Amino acid sequence: MNHSAKMAQALRLLLAFLAIGSCIASDNIDLWPMPKTVSHGTQKLYIKKDITMSMVGSTYSDEKSILKDAFQRMVDLITLNHVIDGINPTSMVLTCVNVVVHTPDDELNFGADESYNLTVPTTGDPLYAQIEAQTVFGALHGLQTFGQLCYFDFTSRLIELNSAPWIITDTPRFPYRGLLIDTARHYLPVKIIKGVIDAMTYSKLNVLHWHIVDEQSFPIEIPSYPKLWNGSYSYSERYTMSDAIDIVRYAERRGVNVLAEIDVPGHARSWGVGYPSLWPSDSCREPLDVSKNFTFEVIDGILSDFSKVFKFKFAHLGGDEVSTSCWTTTPHIEGWLNNNHMNVSDAYRDFVLRSQKIAISHGYDIINWEETFNNFGDKLDHKTVVHNWLGEDVAPKVVAAGLRCIVSNQDKWYLDHLDASWEGFYMNEPLKGINDTKQQQLVIGGEVCMWGEEIDASDIEQTIWPRAAAAAERLWTPTEKLANDTRLVTSRLARFRCLLNQRGVAAAPLAGYGRASPAEPGPCVRQ
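The rules we used
- Residues numbered from 1 in each chain as written.
- Predicted model: local features only at pLDDT ≥ 70, side-chain atom pairs only at ≥ 80, totals over all residues.
- Heavy atoms only, no water.
- UniProt positions renumbered as here; feature names shortened; annotations may be inferred.
- Helix = DSSP H or I, 4+ residues; strand = E, 2+ residues; numbered from the N terminus.
- Rg over C-alpha atoms; globule rule 2.2 N^0.38 Å.
- Buried < 20%, exposed > 50% of the residue type's maximum accessible area, 1.4 Å probe, protein only.
- Contact = heavy atoms within 4.5 Å.
- Lys, Arg positive; Asp, Glu negative; His and termini not counted.
- Charge placed at Lys NZ, Arg CZ, Asp CG, Glu CD.
- Polar contact = N/O pair within 3.5 Å; in protein donor to acceptor, adjacent residues only side chain to side chain.
- Phe/Tyr/Trp six-rings, centres within 6.5 Å; stacked < 30°, edge-to-face > 60°.
- Lys NZ or Arg CZ within 6 Å of the ring centre and 35° of its normal.
- Disulfide = S-S within 2.5 Å.
- Axes fitted to C-alpha atoms, helices over the stretch in contact; angles between N-to-C directions.
- Parallel < 35°, antiparallel > 145°, perpendicular 65-115°, else oblique.
- Left-handed = near helix turned anticlockwise from the far one by under 90°.
- Nonpolar A, V, L, I, M, F, W, Y, C, P; charged D, E, K, R; others polar.
- Core = buried A, V, L, I, M, F, W, Y, C linked by side-chain atoms within 4.5 Å.
- Pairing = 2+ DSSP bridges.
- Salt bridge = Lys/Arg side-chain N within 4 Å of Asp/Glu carboxyl O.

An unreviewed UniProt entry annotates the chain as Beta-hexosaminidase of Urochloa decumbens. Quoted verbatim from the Catalytic activity (unreviewed entry) field of the UniProt record, the comment on the chain reads "Hydrolysis of terminal non-reducing N-acetyl-D-hexosamine residues in N-acetyl-beta-D-hexosaminides." A UniProt comment under Sequence similarities (unreviewed entry) is attached to the chain, and it reads "Belongs to the glycosyl hydrolase 20 family."

If you want it as structure tokens, here you go:
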């Protein structure tokens, strides 16, 4: 984007602030994503320097310290690394957050109750806030919201909370709110992946879709077939099974599921580096050889190993962009097709369905990219979730056929499309064209996709944020609270983007397209 275009973008952002900034500032609701219901007052509270957490009335024991650790992270975040050296006043001091969780279970499952209620009163001795939730994962969201209410004041040198009392009730619109990362096109260090997970929690995204392997590299250890990671870019660009376990545990303690993907039968050239017999031939290396039982033994081994690590309900089996020309130009595969009275379309369908059965045998429900539905939707297992990416007209067809769907249409929710604006991310509606209530319930959510061809550890954060946060509100906030004009949320999202920056997340400016840089000097919220 040239300088004049950047200036025009900045001017449009400034005009949006001038048009609506005053009304939003007066209402003092700077929360992102917007909760289901919010009421507040006008009084200022001070957060005690050594604020504590209690669990009076909770049936959850927190034996794994999930809440305790989350509370400490929240306290660390609200200081923004400032030195809190003001003197606590004698009144209007919030001393504690009491967290009441009504169920003892802390195993993260798809569809877990993520609702919470948050109250911040202005009366009481001692004065304390309360979060009430059915599950610990709802309580985690409540802590995130409470943290957004708090800020460092440069006059008092204390953490303050404005506009009390607050009464917030909240629950997500969709159970699946995803973000895809791609470690096959460029390796992402474990620390970077954990940073992405942390940032996801700030906007209440709850599924990290880990596109682990692809045709370019196979970076993960598979104990059942230890030569597979010979297909990694280098000896150092790999993940051990212990790394994967660490990432999954890190995510689950923050309320984030990890969805593992192996994309078959296409996008799998790297598999044959360690096991060349998976290639149709040495000169034609993709898709995987459909004619050999060994191919499916390897898939079974991968999913068997995955089932010990990735505990999410779903496994993603890909199935997209399959060019079958290698199957027709390789003599032994052509002979197998003839012997089985199949054409390549039949073989593609057979490969996908056979892989689905393997995944189901390991306890998974299956997610496949939409090409599988477009080609043989009536043959897919009824547990299939169709992942829509090519266009917005597919999701209505999927749910009309009685299958579940995840929406990621590439024109709006692909983060590698740098010309896709945050406004487009915000306005993209997963239920577009679906009017039947029962069919709407088959759309389990949506996902923004950070494909890795042109990103790596150096620029992933500013390519994801704040556009992913714009989609996060669409997936979390009830329809009636969503803005029908992005100018009504511009200043609130800008302040959330600045909050991300203050928390160490390199979120890009709103003015401009993906991964934009500031157009000129100025305050954060005007970028």
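Structure shown, so let's carry the discussion forward.
Chemist: Summarise the overall build of the chain; cite the residues concerned and give the values.
Modeler: On a plain count of helices and strands, the chain comes out with 18 helices and 14 strands. Against the compact-globule benchmark of 24 Å for 527 residues, the chain has a radius of gyration of 25 Å, which places it among compact chains. Per-residue burial over the chain gives 57% buried out of 527 residues. Pairs at least 24 residues apart make up 75% of the contacts formed inside the chain by residues separated by at least 6 positions. Side chains of the chain give 47 positive and 63 negative charges; the mean places of these two sets differ by 3 Å.

Chemist: Tell me about the UniProt feature "active site" (unreviewed entry) in the chain, and name the residues and values.
Modeler: Within this numbering scheme, the UniProt entry marks Glu-321 as carrying the feature "active site" (unreviewed entry). Take Glu-321: it is sitting in the loop between β10 (314-316) and α8 (325-329). Filtering out sequence-adjacent residues up to four positions away, Glu-321 remains in contact with His-267, Glu-371 and Trp-389. Within the structure, Glu-321 has its side chain in polar contact with the side chain of His-267 (distance 2.8 Å).

Chemist: Tell me about the packing of aromatic side chains, residues and numbers included.
Modeler: In total, this model carries 19 aromatic pairs according to the counting rule given. Pairing Tyr-187 with Tyr-239 gives two aromatic rings, centres 4.7 Å apart and planes at 25°, and the pair type is stacked. One end of the pair, Tyr-187, is in the loop between β7 (176-182) and α4 (190-202); the other, Tyr-239, is in the loop between β8 (207-211) and α5 (241-252), with 52 residues separating them in the sequence. Residue Tyr-239 is classed as buried on the basis of its relative accessible area, which comes to 0%. Ring geometry for Phe-296 versus Phe-351: centroids 4.7 Å apart, planes at 50°, classification tilted. Here Phe-296 is found in helix α7 (residues 293-307), whereas its partner Phe-351 is found in helix α10 (residues 344-361), with 55 residues between them in sequence. Look at Phe-351 and you get buried, because its relative accessible area is 0%. Each residue in the set Tyr-187, Trp-210, Tyr-239, Phe-306 and Phe-310 is aromatic and connected to the rest through ring pairs, giving one cluster. The ring of Trp-229 carries the charged tip of Arg-238 above its face, separated from the ring centre by 4.5 Å. Of note, Arg-285 hangs over the ring of Trp-279, and the distance from its end group to the ring centre comes to 4.0 Å.

Chemist: How would you summarise the state of the cysteines if you had to cite specific residues and measurements?
Modeler: Two cysteines whose sulfur atoms are joined by a covalent bond form what is called a disulfide. All chains considered together, the criterion is met by two disulfides. Covalently, Cys-284 is tied to Cys-326 through a disulfide, its sulfur atoms 1.8 Å apart. Disulfide Cys-284 to Cys-326: torsion about the S-S bond roughly -95°, handedness left-handed. With Cys-284 in the loop between α6 (271-274) and α7 and Cys-326 in helix α8, this residue pair connects regions lying 42 residues apart in the sequence. Residue class for Cys-284 comes out buried when judged on its relative accessible area of 17%.

Chemist: Give me the lowdown on the environment of Phe-496, citing residues and values where you can.
Modeler: Position of Phe-496 relative to the elements: it lies in helix α18 (residues 490-502). Exposure remark for Phe-496: the relative accessible area of 2% places this residue in the buried category. For Phe-496 and Thr-171, which are 325 residues apart along the polypeptide, the C-alpha to C-alpha distance reads 20 Å.

Chemist: Kindly report on the packing of α4 against α5, identifying the contributing residues and their values.
Modeler: As a packed pair, α4 and α5 sit with axes 10 Å apart at the nearest point and diverge in direction by 15°. Accordingly, the angle class assigned to the pair α4 and α5 is roughly parallel. Of the two elements, α4 crosses α5, and the hand of that crossing is right-handed. The segment α4 lies against α5, with Val-190, Ile-193, Lys-194, Ile-197 and Asp-198 engaging Asp-243, Asp-246, Ile-247, Tyr-250 and Ala-251. Here the residues of the contact of α4 with α5 sort into six nonpolar, no polar and four charged.

Chemist: Describe in detail the UniProt feature "domain: Beta-hexosaminidase eukaryotic type N-terminal" (unreviewed entry) in the chain, supporting the description with residues and values.
Modeler: In the numbering used here, UniProt assigns the feature "domain: Beta-hexosaminidase eukaryotic type N-terminal" (unreviewed entry) to residues 31-149. Counting secondary structure, residues 31-149 comes out at 24% helix and 33% strand; the distance between its end C-alpha atoms is 7 Å.

Chemist: An account of the nonpolar core is needed here, citing residue identities and associated values.
Modeler: Ranked by size, the top nonpolar core spans 110 residues in total, and within it Trp-271, Phe-306, Phe-310 and Trp-465 carry the most contacts. Excluding residues within four positions of it along the chain, Trp-465 makes contact with Leu-179, Val-196, Ala-199, Met-200, Ser-203, Leu-205, Leu-500, Val-505, Ala-507 and Ala-508. Counting residues in each nonpolar core, the second largest holds 41 residues, with Leu-45, Ile-51, Val-136 and Trp-476 among its members.

Chemist: Tell me what's going on with the pairing of strand β14 (residues 443-450), and back it up with residues and numbers.
Modeler: In terms of residue burial, β14 counts as a mostly covered element, since eight of its eight residues are buried. Of the strand pairs in this sheet, β7 and β14 are connected by six bridges, and their pairing is parallel. Bridge pairing links Arg-177 to Gly-446 in β14.

Chemist: Any details on the pairing of strand β5 (residues 150-153)? Residues and values, ideally.
Modeler: For β5 and strand β6 (residues 158-170), the ladder comprises four bridges, and the chain directions are antiparallel. Within β6, the residue paired with Cys-150 across the bridge is Leu-161. Hairpin connection, β5 to β6: the antiparallel pair is bridged by four residues, and Arg-157 has positive phi, about 60°.

Chemist: Please give an account of the pattern of salt bridges that cites residues and values.
Modeler: Counted by the stated rule, this structure contains 27 salt bridges. Residue Arg-185 pairs with Asp-182 through a salt bridge whose shortest N-O separation is 2.9 Å. The pair Arg-185 / Asp-182 is uniform in exposure class, with both members buried. Between Arg-185 and Glu-453 there is a salt bridge, with the nearest N and O atoms lying 3.6 Å from each other. In this pair, Arg-185 is assigned in the loop between β7 and α4 and Glu-453 in the loop between β14 and α16 (460-464), connecting sequence segments 268 residues apart.

Chemist: Can you break down the side chain of Arg-185 residue by residue, with the values?
Modeler: Note on Arg-185: relative accessible area 10%, which makes it buried. In this structure the side chain of Arg-185 is engaged in a polar contact, spanning 2.9 Å, whose partner is the side chain of Gln-216. Aside from chain neighbours lying at most four places away, what touches Arg-185 is His-211, Asp-214, Gln-216, Tyr-233, His-267, Trp-451, Gly-452 and Glu-453.

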